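# Observations on the model geometry
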Amino acid sequence: MLDLHVHSVYSDGSATIDEIARKAKELRMKAVAIVDHSIELYFGLTEAKAKQRQIEIDNASSLYGVKIYSGIECSIDASGDIMLPDFDFDFIIASVHEFVYGRDYYERVLKCMEKYEIDVVGHPFSRLFNFDGRIPEMDEKLVDIAEQLGIAIELNSSHRSPPDPFLELCRDRKLIYSIGSDAHDLSKVGDVGWSVERAKRYMTRAKLFSP
Ligand SMILES: [Zn+2]
Ligand SMILES: [Zn+2]
């Protein structure tokens, strides 16, 4: 089992790197990714914080013998842009963190996918943001671009996203998918049952993302 989306005290999570690593070892996880919010948020991961976090990741990784990736989650703004600190992350997740629906949502995400070297689209059509108004031809376009550019679609257990009708479209496509709990506290680390179940059901030809 692996969990590629965990927030730590370096952004808005409550668990330390050490606690997350220890829990990953207890759960015998194959790998865990610490993914904190980026600098568009006041509590986000600055360059200095990213460097400090990396030291803790390296220490915890050797102490517990657990593979720990260093990731970041950027918010996609109204122009499809993201902000990143100057740091070499293992991978980048880009997500919409506002109540945006219909065509506006697709345009933001598609622009971002085409403009930036992102690795994963985070929690598409999140129900926590009450997403409403999916557009079938835009769904197709998003899946096409993800397939062409090799950008992973995240199956996010906290957001329960993407929804089943979208996942239905992913069946038989050569996509990449990622698995994440989006844990903001220790109890949710590794809580990826929903994502794994959806992956088995829908991602029959897809490949699991590996940073
Ligand atoms: Zn998010
Ligand atoms: Zn997140």
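Further up the page is the structure itself.
Residues numbered from 1 in each chain as written. Chains lettered and ligands numbered in written order. Predicted model: local features only at pLDDT ≥ 70, side-chain atom pairs only at ≥ 80, totals over all residues.

### A short note on the overall build of the protein
Each helix and strand in the protein was counted, giving six helices and eight strands. Starting at the N terminus and walking to the C terminus, you meet the elements of the protein as β-α-β-α-β-β-α-β-α-β-α-β-α-β. Whereas a compact globule of 211 residues would reach a radius of gyration of roughly 17 Å, the protein reaches 16 Å, a difference of no more than 12%. A principal-axis box enclosing the C-alpha atoms of the protein has dimensions of 50 × 35 × 30 Å. Out of the 211 residues in the protein, the part that is buried amounts to 45%. Nonlocal contacts in the protein, meaning residues at least 24 apart in sequence, comprise 75% of its contacts between residues at least 6 apart. (Helix = DSSP H or I, 4+ residues; strand = E, 2+ residues; numbered from the N terminus. Rg over C-alpha atoms; globule rule 2.2 N^0.38 Å. Buried ≥ 20, exposed ≤ 12 C-beta atoms within 10 Å, placed from the backbone. Contact = placed C-beta atoms within 7 Å.)

### Some remarks on helix α2 (residues 47-64)
Helix length check: α2 (18 residues) gives 26 Å between terminal C-alpha atoms against 26 Å at 1.5 Å per residue, within 8%. All buried positions along α2 are accounted for by Ala-50, Arg-53, Ile-57 and Ala-60. Considered in projection along α2, the buried side chains sweep an arc of 90° and stay on one side of the axis. In α2, the exposed positions that point more than 90 degrees away from the buried face belong to Ala-48, Lys-51, Ile-55, Ser-62 and Leu-63. Considering only its buried residues, α2 is in contact with α1 (17-26), β2 (31-37) and β3 (67-75). (Expected span 1.5 Å × (residues − 1). Arc of directions from axis to C-beta.)

### Section: helix α6 (residues 193-202)
Those residues of α6 not exposed but buried are Ser-195, Arg-198 and Tyr-202. Within α6, the buried residues cover an arc of 65° as seen down the axis, which keeps them to one side. Structural note: α6 exposes Gly-193, Glu-197 and Lys-200 on the side pointing more than 90 degrees away from its buried face. Those residues of α6 that are buried are in contact with β6 (152-156), α5 (164-170) and β7 (176-180).

### Let's talk about the nonpolar core
Counting 56 residues, the largest nonpolar core has Ile-20, Val-32, Ala-94 and Val-109 as its most contacted members. Here this core takes five residues from helix α3 (residues 102-115), the largest share from any one element. In this structure Ile-20 touches Val-6, Ser-8, Ala-15, Val-32, Ile-34 and Val-189, once residues within four positions along its chain are discounted. (Core = buried A, V, L, I, M, F, W, Y, C linked by C-beta atoms within 7 Å.)

### Regarding the packing of α1 against α2
At a minimum axis distance of 9 Å, the contact between α1 and α2 shows a crossing angle of 30°. Taken together, α1 and α2 sit at an angle that is classed as roughly parallel. The two elements α1 and α2 meet at a crossing, and its hand is right-handed. Across the interface between the two elements, Ile-17, Asp-18, Ala-21, Arg-22 and Lys-25 from α1 touch Arg-53, Glu-56, Ile-57, Ala-60, Ser-61 and Tyr-64 from α2. For the contact of α1 with α2, the residue count by class is five nonpolar, one polar and five charged. (Axes fitted to C-alpha atoms, helices over the stretch in contact; angles between N-to-C directions. Parallel < 35°, antiparallel > 145°, perpendicular 65-115°, else oblique. Left-handed = near helix turned anticlockwise from the far one by under 90°. Nonpolar A, V, L, I, M, F, W, Y, C, P; charged D, E, K, R; others polar.)

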